[in-house]
Amino acid sequence: MQGIKTLGQFIIEKQNDFPYAKGELSRLLRDIGIAAKIVNREVNKAGLADILGSAGTTNIQGEGQQKLDVFANTQFISALTSGGECCIVATEEEDEFVPIDSPVSKNAKYIVCIDPLDGSSNIDVNVAVGTIFSIYRRKSVDGVATLQDVLQKGTQQVAAGYVIYGSSTMMVYTTGKGVNGFTLDPSIGEFCLSHPDMKIPQNGNIYSINEGNYVHFPTGVKKYIKFAQEEDAGSNRPYTSRYIGSMVGDIHRNLIKGGIYIYPTTASSPNGKLRLLYECNPMAFIIEQAGGVASDGFNRILDIEPTELHQRTSIFIGSPDMVKVAEDFMVEFSSEKNNPLNHAINLNGTAVAS
Ligand code: AHM
Ligand code: MG
C-alpha cells in the first residue's frame, strides 16, 4: 500500500523518539485505536436504533441494547484491561475510578482518563461526537495505584488524543512531540495518517460558545462576544459563530481553521461545565502541542492542580491571538478572579448571587 501510513506503523516508528521506550505506551495507544474502531462501528449504526431496538430494549437476538455512551465506556475499559498496560481508568461514565484488576495489569505503569463518548446528546441527531483521552504515568512505584496517581496536573500527561466520529472518523493524538491526525479508511479498517504535524492558525475568525447562556456569563465573556460581533475590517470582524455543542467537533474544526472555543463559568455552573481530567486537560495538551493556547480565562489549564476526579473548569482554548484577547477581557472585567458575583451578572449589569 504505497503512500499510506497506518496508525499502527506510525506509533511504532515514533517509539524511537523515546530512547528508553519499551513499547508499553505504543501498545496502549494501539488498544485505544482498536476500541475506537469498535465504537465507530456502533456510532455509525446509531440511526438504525429504532429498527434494531432502542436502548433499554431487547434486540432480535435477545441481547439487551445499550446506550452508546455506556457501550463506548465498556469497550474502552475492556480494551485497556486486555491490553495490560493500564492500571487505572478514570472515566466520565463512572463515579469512582476503575482499577484494572487483571494479572497482566499488575505492574502496569499507565493511568488513562477518558470521556468515552462526549457530546452524546448529538448522537440521536446524527451530529459529530467524540472520545477524549489522556494518559499519565502512575506516580507510585509499587503497590495498588490510588486516586493520588490519577490526580496529576495536565503538564504531566505523556499522551492525549481524541477520536471524532464525524462525516469521517479521525483520531488525533500527541505524545508531546507535535500533533498528528489519522483518518479511518473504512475499506481497510485502518486509521491512516492524513494530517501530519497539525498546527492551529495563530489567529482566526471563528468563535464557538453556547450563546444561549449569555445572560449567565461573566462580564469578560459578554464583552468578548460583543467584541467578536463588532465590525472591524483590520481584524476581520465580525467573526463567524459556529457551535456544534460537541467539544471535540468544535475544537477539531477550530484546530484546522483557526478559532476559539469557550465554555465559561455560568451562574448555574460556577466552576464551569467541562471536566478537567478527561475533557479539558487532553484537549489543552493537544492544542498547545499544535501551537495554540488553553486557559481557564486567567491561568493555563495544564497548570491546574486537580483535587477531585470529576473536577470542572472553565475553558478558553484555540488560536493563541484569540485566546489572549479573551483573557484580556476576563482580566479587565474581573476585579477578583474568584469573585462569585463576577460569574453571574444579569443583562442590566446588576450582580446576582450564584
Ligand atoms: P457531555 O460530557 O455530557 O457530553 O457534555 C460535554 C459537552 C461538550 O462536548 C459540549 O461542548 C458541551 O457539553 C455542550 O454543552 P451545552 O449544551 O451546555 O452548550
Ligand atoms: Mg463529556
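Reading guide: rules and limits
Residues numbered from 1 in each chain as written. Chains lettered and ligands numbered in written order. Predicted model: local features only at pLDDT ≥ 70, side-chain atom pairs only at ≥ 80, totals over all residues. Heavy atoms only, no water. Pairing = 2+ DSSP bridges. Helix = DSSP H or I, 4+ residues; strand = E, 2+ residues; numbered from the N terminus. Contact = heavy atoms within 4.5 Å. Axes fitted to C-alpha atoms, helices over the stretch in contact; angles between N-to-C directions. Disulfide = S-S within 2.5 Å. Near = heavy atom within 4 Å. Polar contact = N/O pair within 3.5 Å; in protein donor to acceptor, adjacent residues only side chain to side chain. Nonpolar A, V, L, I, M, F, W, Y, C, P; charged D, E, K, R; others polar. Buried < 20%, exposed > 50% of the residue type's maximum accessible area, 1.4 Å probe, protein only. Salt bridge = Lys/Arg side-chain N within 4 Å of Asp/Glu carboxyl O. Core = buried A, V, L, I, M, F, W, Y, C linked by side-chain atoms within 4.5 Å. Donors = N, O, S within 2.8 Å, 3.2 Å for Na, K, Ca; no water. pLDDT = per-residue confidence, 0-100.

1. Observations concerning the sheet that holds strand 9 (residues 206–208)
The five strands are arranged 10-9-11-13-12 in an open sheet whose pairing can be described as mixed. If you trace the sheet from one side to the other, it starts and ends with strand 10 (240–241) and strand 12 (293–295), each paired once. Strand direction decides the pairing type here: strand 12 and strand 13 (residues 315–318), joined by three bridges, are antiparallel. Looking across to strand 13, one finds that Ala-294 is bridged to Ile-317. On top of the sheet, helix 8 (residues 276–289) reaches strand 12 and strand 13; it is set at about 30° to strand 13, its chief contact.

2. Digging into the state of the cysteines
Inspection of every chain in the model, using the stated rule, returns zero disulfides. Cys-86 provides the cysteine sulfur closest to Cys-87, a residue in no disulfide bond, and the two sulfurs are 6.2 Å apart.

3. Looking at the site of ligand 1
The full set close to ligand 1 counts 15 residues, and Asp-118, Tyr-243, Met-247, Tyr-261 and Tyr-263 are the nearest of them. At 2.9 Å, a side-chain N or O of Glu-92 approaches an oxygen atom of ligand 1. Elements that contribute at least two residues to the shell around ligand 1 include exactly strand 3 (110–118) and strand 11 (260–263). Classifying every residue of the shell around ligand 1 gives five nonpolar, five polar and five charged.

4. A few points about the pairing of strand 11
Side chains Ile-260 and Ile-262 project from strand 11 onto one buried face, and the interleaved Tyr-261 and Tyr-263 project onto a second face that is buried too. With two bridges joining them, strand 9 and strand 11 adopt parallel strand pairing. Each bridged residue has a counterpart across the sheet, and for Tyr-207 the counterpart in strand 11 is Ile-260. The sheet contact formed by strand 11 and strand 13 spans four bridges and is antiparallel.

5. A short note on the environment of Ser-268
Residue placement: Ser-268 occurs in the loop between strand 11 and helix 8. For Ser-268 and Phe-217, which are 51 residues apart along the polypeptide, the C-alpha to C-alpha distance reads 9.8 Å.

6. A look at the pairing of strand 3
For strand 3, a buried count of nine out of nine residues is recorded, marking the element as mostly surrounded by other parts of the structure. When strand 1 (residues 86–91) meets strand 3, the two strands line up parallel, connected through five bridges. When the sheet's bridge partners are listed, Ala-90 is paired in strand 3 with Cys-113. Bridge count for strand 3 against strand 4 (residues 129–137) is seven bridges, and the pairing is antiparallel.

7. Concerning the pattern of salt bridges
Under the counting rule described, the total for this entry stands at 14 salt bridges. A salt bridge links Glu-24 to Lys-109, with the nearest nitrogen and oxygen atoms 3.4 Å apart. Linking Glu-24 in helix 2 (residues 24–44) with Lys-109 in the loop between strand 2 (98–99) and strand 3, this pair joins segments that are 85 residues apart in sequence. The closest approach of N and O atoms between Asp-328 and Lys-324, which form a salt bridge, is 2.9 Å. On the criterion of helical spacing, the pair formed by Asp-328 and Lys-324 is a turn pair, its members being four residues apart in helix 9 (residues 320–332). Judged by relative accessible area, Asp-328 falls into the partly exposed class, the value being 38%. Accessibility expressed as a relative area gives 45% for Lys-324, which makes it partly exposed. Through salt bridges with shared partners, a single network forms among Arg-41, Glu-42 and Lys-45.

8. Concerning the nonpolar core
The tendency in soluble globular proteins is for nonpolar side chains to be buried side by side. Core analysis: the largest hydrophobic core is formed by 40 residues, its most contacted members being Leu-117, Ile-135, Tyr-165 and Tyr-173. Here this core takes eight residues from helix 2, the largest share from any one element. Beyond its immediate sequence surroundings of up to four residues, Tyr-165 is in contact with Ala-36, Val-39, Asn-40, Val-43, Phe-76, Leu-117, Ala-128, Val-129, Gly-130 and Thr-131. Counting 31 residues, the second-largest nonpolar core is a separate cluster that includes Leu-274, Ala-290, Ala-294 and Ile-301.

9. Observations concerning the coordination of the magnesium ion (ligand 2)
Those donors, Glu-92 (OE), Asp-115 (OD), Asp-118 (OD) and Glu-279 (OE), are the protein atoms that reach the magnesium ion (ligand 2), and they lie 2.0 to 2.4 Å from it. Counting the intervening residues between successive donors of the magnesium ion (ligand 2) yields the motif E-x22-D-x2-D-x160-E. Grouping residues by exposure puts Asp-115 and Asp-118 together as buried.

10. As for the side chain of Gln-152
Along the chain, the position of Gln-152 falls in the loop between helix 5 (147–150) and strand 5 (159–165). A distance of 2.8 Å separates a polar side-chain atom of Gln-152 from the backbone oxygen of Arg-137. Once residues within four sequence positions are removed from consideration, Gln-152 is found in contact with Tyr-136, Arg-137, Arg-138, Lys-139, Leu-277, Asn-281 and Pro-306.

11. Considerations on the environment of Ile-301
Here Ile-301 lies in the loop between strand 12 and strand 13. The buried category is assigned to Ile-301, whose relative accessible area is 0%. Sequence separation between Ile-301 and Lys-153 is 148 residues; the distance between their C-alpha atoms is 8.9 Å. Every residue in contact with Ile-301, bar those within four places of it in the chain, is listed here: Leu-276, Cys-280, Asn-281, Ala-284, Ala-294, Ser-295, Asp-296, Thr-313, Ser-314 and Ile-315.

12. Concerning the confidence of the model for the protein chain
In the predicted model, the protein chain carries a mean pLDDT of 89, and the fraction of residues at 70 or more is 88%. Per-residue pLDDT stays below 50 along residues 57–64; that stretch engages in seven contacts with residues further than four places along the chain or on separate chains. Low confidence marks residues 338–354, where pLDDT is under 50. Its contacts with residues over four positions away, or in another chain, come to 34 contacts.

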